[in-house]
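So you can see what is in the structure, the chains are spelled out below.
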Amino acid sequence: MNILILGNTAGLTNDFILKTFPNQAVFIFGHTGVKNSRKNKITVYTKHYENNQLEDVFDFHDYDQIIYFSEYLNYGHESSGEIENLIRLLECLKDRKNKRLLYITGPVLEDGKRSLQTTTKDTLLSWTREFGVNLKVLHSPFLYSVINKEDYLYKLFVRLDDHEQVELKESSQSQATFISLSDLGDLLHKLCERWNDTYESIIIPDPFQLTFGELLQALDKYFPNKQVHFLEERRIRKYDNDPEKHHDLRDRFAWFMRYALVRDLPDIYEDYQKQRKGSLRVSKFRNIVDNIVKQKRNKKLAAVVATFLVFEAFRYMTQGQLQFQLIDLRLLFVVLISTVLGMGYGLFSAVLAIIGLTISQILSGTSWQLLLYNTDRWVADRKSTRLNSS
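Below you will find a few notes about this structure. Remember, it's a predicted structure, so these values are computed and weren't measured experimentally.

**Observations concerning the pattern of salt bridges**
- For the structure shown, the criterion picks out 17 salt bridges.
- Lysine 155 serves as the salt-bridge partner of glutamate 150, at 3.3 Å between the closest nitrogen and oxygen.
- Among the residues examined, lysine 155 registers a relative accessible area of 41% and is labelled partly exposed.
- Linking glutamate 164 and arginine 159 is a salt bridge whose minimum nitrogen-to-oxygen distance equals 3.2 Å.
- The network of salt bridges with common partners includes Asp59, Asp62 and Arg96.

Listed below in structure tokens is the structure:
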């Protein structure tokens, strides 16, 4: 079974894919942290996504199931043309045999007011009927994934960690409805396995009914000096996902949300710390590189010469060690300078590497003539050729 996943895929993980779609071939079209794996039959269309080549993806395979993750699954998201992307997807499905589409979007407000999210859903439903696509819509609580740096919780944790004053554009009594990838994956597995051809609009009930006030109170343990201000004058947001009203999923699949956000906080915070430490290391390195790139030409040349001397010193200290005989440090030096400063400085670093090689060869007793014409190497090659032919 071939499954195509596209849309808001940034927070997905290899573990989520493997547990949700075991023994299935999964193809992902979108920005994601999921890695290609031939062994686990996971393919990420990175180049096609970067070049916006959705139509080409449908020339490679026929897909038995298509799953679209909406940007409305991100709390506080900003719309970026989702309707156009969905219509483009449906155009690709127009002449296909298999037209099973699962559209996973965010929760619906309890007051029933129309929004861009409901307009997107209605437009999608209209187009799927026209093209004969078998559609199901799944209204899910917001996703959280601290491996995604654009995730709401990750951004909130960063601001709290940096002791910034945070203003939440919510009332403290507004509902903070979130679902873990693990829970959602379990439901998707059951839903795809027992698919029927009837259109459905399914609401995932939230049994925890957590408020933002309770969430921030639970974060006291991890950010004791946080400064958070609620906009209490804002209307209280409640979502239409009360488990007493919506119990179809429990009845049909014996499924319900198991992981409450506040109970999952220790693991979430641990994952956040690992991600933040890695980001800080990368950002420090980038700052150093950016500072070097912004310098004037004479300072850049001086930096190249200094780096060359460091490499030569390191090469001298590691001379005779078997591990470092397998690494050409001069070539590594040239590649590093070319990557960071560009081709012009790369050529200058290559000249320095040639000078360094020449000096080291002469100091080791090799005459300058042999550097231009190494007869020993030619003789060795002739001998090996004769031995192979005989």
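**Side note on empty space enclosed by the protein**
- Enumeration according to the criterion identifies four cavities of 30 Å³ or more in this entry.
- Space inside the largest cavity adds up to approximately 110 Å³.
- For the largest cavity, the full set of lining residues is Asn8, Ala10, Gly11, Leu12, Asn74, Leu143, Tyr144, Ser145, Asn148, Asp151 and Leu181.
- Broken down by class, the residue content of the lining of the largest cavity amounts to five nonpolar, five polar and one charged.
- By volume, the second largest cavity is sized at about 40 Å³.
- Lining the second largest cavity are Ala176, Phe178, Asp206, Phe208, Leu210, Met257, Tyr259, Ala260 and Leu261.
- In terms of residue class, the lining of the second largest cavity is built from eight nonpolar, no polar and one charged.

**Here we look at the sheet that holds strand β5 (residues 100-105)**
- A sheet is described by the order of its strands in space; here seven strands give the open sequence β3-β2-β1-β4-β5-β6-β10, paired in parallel fashion. The open sheet terminates on both sides in strands that have one partner only, identified here as β3 (42-44) and β10 (200-203). Within this sheet the neighbouring strands show an average axis-to-axis angle of 20°, counted without direction.
- Pairing geometry for strand β2 (residues 25-29) and β3, over three bridges, is parallel. Bridge pairing links valine 26 to isoleucine 42 in β3.
- Contacts between helix α4 (residues 82-93) and the sheet are confined to β1 (2-7), β4 (65-69) and β5, with β4 contributing the most and set at about 170° to the helix.

Reading guide: rules and limits
- Residues numbered from 1 in each chain as written.
- Predicted model: local features only at pLDDT ≥ 70, side-chain atom pairs only at ≥ 80, totals over all residues.
- Heavy atoms only, no water.
- Salt bridge = Lys/Arg side-chain N within 4 Å of Asp/Glu carboxyl O.
- Buried < 20%, exposed > 50% of the residue type's maximum accessible area, 1.4 Å probe, protein only.
- 1 Å grid on protein atoms, 1.4 Å probe; cavity = no way out; pocket = protein on both sides within 12 Å on 5 of 7 lines; lining within 4 Å.
- Points joined across faces, edges and corners; volume = space filled by probe spheres on them.
- Nonpolar A, V, L, I, M, F, W, Y, C, P; charged D, E, K, R; others polar.
- Pairing = 2+ DSSP bridges.
- Helix = DSSP H or I, 4+ residues; strand = E, 2+ residues; numbered from the N terminus.
- Axes fitted to C-alpha atoms, helices over the stretch in contact; angles between N-to-C directions.
- Contact = heavy atoms within 4.5 Å.

So yeah, pure geometry; function would need other evidence.
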